[in-house]
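Summary of the model geometry
This is what each chain is made of:
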Amino acid sequence: SRDLAFKWPTEPIGFQKIMEDMYGALDGVGRSCLDALQDALGIDRSGVLTDVLDSPSTNWEDQMHMQTLSQLENWSKVAARQYCSVPRSSETTLRLLHYDRIHTVSEDEAQAVLPDHCDSSMLTISPWASMSGLDVLPYSESTQSKTYAPKIRNWADPEGAMSEGDCIVFAGDALARLTWNYYPSLLHRPSVRLMLQGMLAQRSAGKMIVPRISTPFFLRPRSDALLDPAALKSSVLQSVGCTEENQQKVMQQMLLKQDNDGAPLLDVHIMMPCLMWQLDNNTNECRDKWPWKTETSHYESMQYSS
């Protein structure tokens, strides 16, 4: 998508500055949240979690790109436009999504294109959107065992309780991998049902029908960043058994498990520290084979990770 030529739209006036200011503000929010999480993890060195990120960029000249989702396979029926604001040297992205065709498809059709997924980010920051349209599945202890997992998956609508100025901040797969799932990645999905309800409410109130517009921000590590829980030297992670020694024990236990053909269910490299580019590309399906995704039922409906 970054090879597509980008030109700032001339309307509305001030759009470029609004997007740049929003990018900078949300980047600051994300970094502050990571600093708070670092304190909560008992890490006594400053900047450990933010060290895996790109340096904040202030040069926006010729560093923007646009991706039109309607031109991509499978997206043409669901979303028309996506503006991605990101310095070309950075992996962190601000997207502007307009679901202006969501009313033309059934919920089943849209769900096939917009399935349950986890982001590849450290943190995703989702500001208040124009209407509710996000389903999230809260992570709970009851879903950590396939034997005792609930049969009903209780999806929640966090945006229904939001107001102007609010943001939702949640962990992605990079943070889950870096903390060995101490901070689980949030399973979520766009909700066609909530979007259609919002459009119906607009019609009932005699307002112009404007499909959902959202601006999620994906705070992502550098592609060469090493995601190694042991390197954090977190007293909290160590207290719950997340040590290099225990990781090796878990790896050996997992390697002893075999499939019906007698092959190991887990490759050695899945348990080793990974680089962000490997996670981002789901190299050897590493994101799908982490123990918290294979040994629990919470992520069983996940169809892909973005």
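Notes on the structure in this doc start here. (Residues numbered from 1 in each chain as written. Predicted model: local features only at pLDDT ≥ 70, side-chain atom pairs only at ≥ 80, totals over all residues. Heavy atoms only, no water.)

Along its length, the protein chain carries 10 helices and 13 strands. Looking at the protein chain as a whole, 46% of its 306 residues qualify as buried. Counted over contacts in the protein chain with a minimum sequence separation of 6, partners at least 24 positions apart contribute 72%. Within the structure as shown, the protein chain displays about 15,600 Å² of accessible surface, and the carbon and sulfur contribution to it stands at 51%. (Helix = DSSP H or I, 4+ residues; strand = E, 2+ residues; numbered from the N terminus. Buried < 20%, exposed > 50% of the residue type's maximum accessible area, 1.4 Å probe, protein only. Contact = heavy atoms within 4.5 Å. Areas by Shrake-Rupley, 256 points an atom, 1.4 Å probe, with all protein chains shown as cover.)

Once that is clear, we can look at the pairing of strand β8 (residues 187–190). Residues Leu 187 and Arg 189 point to one face of β8 and His 188 and Pro 190 to the other, with burial holding for every one of them. As defined by bridge partners, strand β6 (residues 134–137) adjoins β8 across 4 bridges and the pair is classed as antiparallel. Residue pairing in the sheet places Leu 137 in a bridge with Leu 187 of β8. (Pairing = 2+ DSSP bridges.)

Another point: a nonpolar patch on the surface. Among the surface-exposed residues, Met 208, Val 210 and Ile 213 lie close enough to one another that they form a single nonpolar patch of about 270 Å² accessible area. Its place among the elements puts Ile 213 in strand β9 (residues 213–214). (Patch = residues over 30% accessible without salt bridge, like charges linked within 9 Å, V, L, I, M, F, W, Y side chains within 5 Å. Salt bridge = Lys/Arg side-chain N within 4 Å of Asp/Glu carboxyl O.)

Tallied over the full model, the rule gives 12 salt bridges. Of the charged contacts, one joins Arg 222 and Asp 224 as a salt bridge, the two residues approaching to 3.0 Å between their closest N and O atoms. Because the salt bridges share partners, they merge into one network encompassing Asp 116, Asp 135, Arg 189 and Arg 193.

Time to look at the environment of Gly 172. Looking at the secondary structure, you find Gly 172 in the loop between β7 (167–171) and α3 (173–178). It is 4.4 Å that separates the C-alpha atoms of Gly 172 and Ser 185, two residues lying 13 residues apart in sequence. Excluding its chain neighbours within four sequence positions, the residues that come into contact with Gly 172 are Asp 119, Ser 121, Met 122 and Ser 185.

The subject of this paragraph is the packing of aromatic side chains. Under the counting rule described, the total for this entry stands at 5 aromatic pairs. Relative to Phe 217, the ring of Tyr 23 has its centre 5.2 Å away and its plane inclined at 80°; by these criteria the two rings are edge-to-face. With Tyr 23 in helix α1 (residues 15–40) and Phe 217 in strand β10 (residues 217–219), this residue pair connects regions lying 194 residues apart in the sequence. Both residues of the pair, Tyr 23 and Phe 217, count as buried. Cation over ring: Lys 293 sits above Tyr 299, and NZ or CZ is 5.5 Å from the ring centre. (Phe/Tyr/Trp six-rings, centres within 6.5 Å; stacked < 30°, edge-to-face > 60°. Lys NZ or Arg CZ within 6 Å of the ring centre and 35° of its normal.)

A few words now on the nonpolar core. Counting residues in each nonpolar core, the largest one holds 42 residues, and the members touching the most others are Leu 34 and Met 122. Of all the elements in the fold, those that place two or more residues in this core are α1, β3 (93–98), β5 (123–127), α3, β10 and α8 (276–280). With 6 residues, α1 is the single largest residue contributor to this core. Among the nonpolar cores identified, the runner-up in size contains 11 residues, and Ile 102, Val 113, Met 195 and Met 199 belong to it. (Core = buried A, V, L, I, M, F, W, Y, C linked by side-chain atoms within 4.5 Å.)

Under the 1.5 Å per step criterion, the end-to-end length of α1 is 37 Å for 26 residues, consistent within 8% with the ideal 38 Å. Buried residues of α1: Phe 15, Met 19, Glu 20, Tyr 23, Leu 26, Asp 27, Gly 30, Arg 31, Leu 34, Leu 37 and Gln 38, and no others. (Expected span 1.5 Å × (residues − 1).)

Glancing now at helix α4 (residues 192–204). Between its first and last C-alpha atoms α4 spans 18 Å; for 13 residues at 1.5 Å apiece the expected length is 18 Å, and the two agree. Those residues of α4 that fall on the buried side of the exposure criterion are Val 192, Leu 194, Met 195, Gly 198, Met 199 and Gln 202. Close packing links the buried residues of α4 with α2 (107–113), β6 and β8. Backbone geometry just downstream of α4 places Gly 206 in the positive-phi region, at approximately 75°.

With an omega of -5°, the peptide bond between Glu 11 and Pro 12 qualifies as cis. With respect to the element layout, Pro 12 can be found in the segment before α1. Backbone geometry at Trp 180 places phi at a positive 50°, although glycine is not the residue there. Position of Trp 180 relative to the elements: it lies in the loop between α3 and β8. Judged by its relative accessible area of 16%, Trp 180 is buried. The phi angle at Asn 181 is positive, at roughly 70°, despite the residue not being glycine. Looking at the secondary structure, you find Asn 181 in the loop between α3 and β8.

For the rest of this paragraph, the subject is the state of the cysteines. One pass over the structure, following the stated rule, counts 0 disulfides. Of all cysteine sulfurs, the one in Cys 286 lies closest to Cys 274, which takes part in no disulfide; the gap is 5.5 Å. (Disulfide = S-S within 2.5 Å.)

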